[in-house]
Amino acid sequence: MKNGKAPGVDEIMTEQIKEFSIKSKQWLLTFLNSCRDKALVPKMWRKAKVVALPKPGKDYKNPKNYRPISLLCHTFKLYERMIMNRTKRQIERKLIPEQAGFRPGKICTGQVCSFHLRNREAKRELKVEWLGKPLGNTEHPVYLGVTLDRTLTFKEQCKKTKMKVEARNNLIRKLAGSKWGATPNTIRTTGLALCFSAGEYACPVWNQSKHTKHVDTALNETCRVITGCLKPTPLKYLYPLAGIAPPGIRRHAATCIERTKQSMDQRHPMYGYSGPQRRLKSRRSFIANSTTIHVTPEQYRIQKWREEFQCEKPVPPAEHLPCGGNQPWIIWKTLNRLRTGVAKTKANMRKWGYQKESDILCECGEDQSDDNLLQCTLAPRGCTTDDLALANEKAISIATHWLKQNI
């Protein structure tokens, strides 16, 4: 049991239990055995101490702005864990190997990886009855959240994943446009938790599918929302500004992690298995298209990122927000548009077909282009691309100037 946890209604802390004398521990053990034999627990264990924690930045006078948490007695938690530790070994022996949920060393992805292709029976329709009634045949069965097809192209899985990510993009888009001022870090964390988690579920299974481009399109939009960049912004700039490795690299890293488990962990359903070689690369198992890794997933992603995208401008690849991530959202958005050189200038708006007037002059008399934004005589002087990368006072000053014009 962990230290530093708040006690329940009995006011007994974990640290106190650990410091019990031998006689006290023996008494407690006898008491817990009595609870087991009589199938009864003290009434105090059925009660919880409820503490209301205020939400940061909210009005403390409003009861709705508090988050309640329930504190249980540590002696009750100890009793539960003792029972669990003694029963799980017996239960583990009776579970079938295919049961992966809530078992140590097993995950659903490993189960779905076990499917393989058998072309000569791809069109076979199964005839299965349940209670005397035939079950309908489906071309796209769903197993543990993954949509399969007869030829294992995972086309339907990628389409469904794209739709799910797009729906969640709308949520973070609403969060980014809120007036109460969500921070860039909050939006990035939300994008990872909502969009990337859904877009990468069981990705070692379908990573080799040619239809992954559909998922990438939705995740690209996620990063546009996180950074505030416009659609014409090159992808090589987008992901470093979002502090997230590109989807292809993240999926490959997840595949290598699964490969490492398959080769080293005996609890993996495919431990020790080496499948036959396939003619088509897209139909090969994750075993044939990945390697074992001996570094952390983050280190592997950064290494692959720098190898495949040798671009240090406007910021180097890293899995955290670059400088300026602590700024208000509206300044962060404008700062990134200046960094990438893709902003809502008059020249760009005419090129994109949103402005038909021939006048693209800035108030300073020069053509309002991306290069002009840093050199405009009406804006703060002395800002360079290096200043933008560092998000120093000069960069923040010029970003503040242009955000008033919705650049």
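Throughout, a residue's number is its position along its own chain's written sequence, starting from 1. Where local features are concerned, this predicted model is filtered to residues with pLDDT of at least 70; where side-chain atom pairs are given and counted, the filter is 80 or more; whole-chain, interface and lining totals use all residues. Excluded from the side-chain calculation are hydrogens and water; included are all heavy atoms of the structure.

A. Representation of the packing of aromatic side chains within the structure. Here a pair means two rings of Phe, Tyr or Trp (six-membered ring of Trp) with centres within 6.5 Å. Their orientation is stacked below 30 degrees between planes, edge-to-face above 60, and tilted elsewhere. Taken as a whole and judged by the stated rule, the model has five aromatic pairs. Plain terms: the ring middles of Trp27 and Phe31 are 5.6 Å apart, the flat faces sit at 0° to each other, and that makes the pair stacked. Within this pair, Trp27 and its partner Phe31 are both found in helix α2 (residues 22-38), separated by four residues, close to a single helical turn. By relative accessible area, Phe31 is classed as partly exposed at 28%. One aromatic cluster in this structure is built from Trp27, Phe31, Trp45, Phe76 and Tyr79. Helix numbering and strand numbering both begin at the N terminus, where a helix is a DSSP run of H or I of at least 4 residues and a strand a DSSP run of E of at least 2. Categorising residues by exposure relies on relative accessible area from a 1.4 Å probe, with only protein chains included: less than 20% of the type maximum marks a residue as buried, more than 50% marks it as exposed, and the intermediate range marks it as partly exposed.

B. Inspection of the nonpolar core at higher detail. By nonpolar core we mean a set of buried residues, namely Ala, Val, Leu, Ile, Met, Phe, Trp, Tyr and Cys, connected to one another through side-chain atoms within 4.5 Å. Counting 44 residues, the largest nonpolar core has Phe154, Ile187, Val205, Trp206, Cys223 and Tyr239 as its most contacted members. Elements with a minimum of two residues in this core: α5 (155-176), α6 (184-199), α7 (203-206), α8 (212-227), α9 (235-242), α11 (297-308) and α12 (329-340). In terms of residues, this core owes the most to one element, α8, which gives six residues. Ile331, Leu338, Leu388 and Trp402 belong to the second-largest nonpolar core, a separate cluster that totals 19 residues.

C. How the structure looks around the layout of surface pockets. Considering only enclosed or pocket space, the largest pocket measures out at about 650 Å³ in volume. Lining the largest pocket are 21 residues, with Phe115, Leu126, Pro141, Leu148 and Arg150 sitting closest to its centre. Ten residues, namely Ala, Val, Leu, Ile, Met, Phe, Trp, Tyr, Cys and Pro, are considered nonpolar, four, namely Asp, Glu, Lys and Arg, are considered charged, and the remaining ones, Gly among them, are considered polar. Class assignment for the residues of the lining of the largest pocket results in 11 nonpolar, four polar and six charged. Cavities and pockets are defined on a 1 Å grid built over the protein atoms alone: a cavity is a set of grid points where a 1.4 Å probe fits but cannot escape, while a pocket is an open set with protein on both sides within 12 Å along at least five of seven lines, and lining residues are those with an atom within 4 Å of any such point. Grid points are joined across faces, edges and corners, and a volume is the space filled by probe spheres set on the points.

D. Representation of the packing of helix α10 (residues 247-264) against α11 within the structure. Here an angle of 0 to 180 degrees is reported between the N-to-C directions of two axes, which are lines fitted to C-alpha atoms, with helices fitted over the stretch in contact. α11 packs onto α10 with a crossing angle of 135° between their chain directions and a minimal axis gap of 9 Å. Accordingly, the angle class assigned to the pair α10 and α11 is oblique. The handedness of the crossing between α10 and α11 comes out as right-handed. Residues Ile249, Arg250, His252, Ala253, Cys256 and Ile257 of α10 form the contact with α11, whose own contacting residues are Pro297, Tyr300, Arg301, Lys304, Trp305 and Glu308. Partitioned by chemical class, the residues of the contact of α10 with α11 number seven nonpolar, one polar and four charged. Orientation is classified from the angle alone, with under 35 degrees giving roughly parallel, over 145 giving roughly antiparallel, 65 to 115 giving roughly perpendicular, and any other angle giving oblique. Should the near helix be turned anticlockwise from the far one by less than a right angle, the crossing is termed left-handed; should it be turned clockwise, right-handed. The contact rule is simple, with two residues in contact once any of their heavy atoms fall within 4.5 Å.

E. Broad picture of a positive patch on the surface. On the surface, a cluster of positive charge is contributed by Arg86, Lys88, Arg89, Arg93 and Lys94. Along the chain, the position of Arg93 falls in helix α3 (residues 74-94). Only residues whose relative accessible area exceeds 30% and that form no salt bridge are eligible for patches; like-charged ones are grouped when within 9 Å, while nonpolar side chains (Val, Leu, Ile, Met, Phe, Trp, Tyr) are grouped when within 5 Å. To be clear on the numbers: accessible area is Shrake-Rupley with a 1.4 Å probe, and residue cover counts the displayed protein chains and nothing else. Should a side-chain nitrogen of Lys or Arg be within 4 Å of a carboxyl oxygen of Asp or Glu, the pair is scored as a salt bridge. Lys and Arg are tallied as positive, Asp and Glu as negative. Neither His nor the chain termini are counted. Every charge is mapped to an atom, namely NZ of Lys, CZ of Arg, CG of Asp or CD of Glu.

F. Just α12, in detail. Multiplying one less than the number of residues by 1.5 Å gives the expected span of a helix. Between its first and last C-alpha atoms α12 spans 17 Å; for 12 residues at 1.5 Å apiece the expected length is 16 Å, and the two agree. With respect to burial, α12 is a largely interior element, 11 of its 12 residues being buried. Regarding α12, the residues found buried are Trp329, Ile331, Trp332, Lys333, Thr334, Leu335, Asn336, Arg337, Leu338, Arg339 and Thr340. At the C-terminal side of α12, Gly341 shows a positive phi close to 70°.

G. Region of the structure containing unusual backbone geometry. In this structure, Phe154 takes a positive phi of about 60° despite not being glycine. Positionally, Phe154 belongs in the loop between β6 (146-147) and α5. Overall, Phe154 belongs to the buried group, its relative accessible area being 7%. Backbone geometry places Asn406, a non-glycine residue, at a positive phi of 60°. Mapped onto the fold, Asn406 is located in the segment after α16 (393-403).

H. Broad picture of the pattern of salt bridges. Counted by the stated rule, this structure contains 12 salt bridges. Among the ionic pairs, Arg36 bridges to Asp37, the shortest N-O distance being 2.8 Å. We classify Asp37 as exposed; its relative accessible area is 57%. We note a salt bridge from Lys304 to Glu308, for which the minimum N-O separation is 3.6 Å. Placement of both Lys304 and Glu308 in helix α11 is noted, with a separation of four residues, approximately one turn of the helix.

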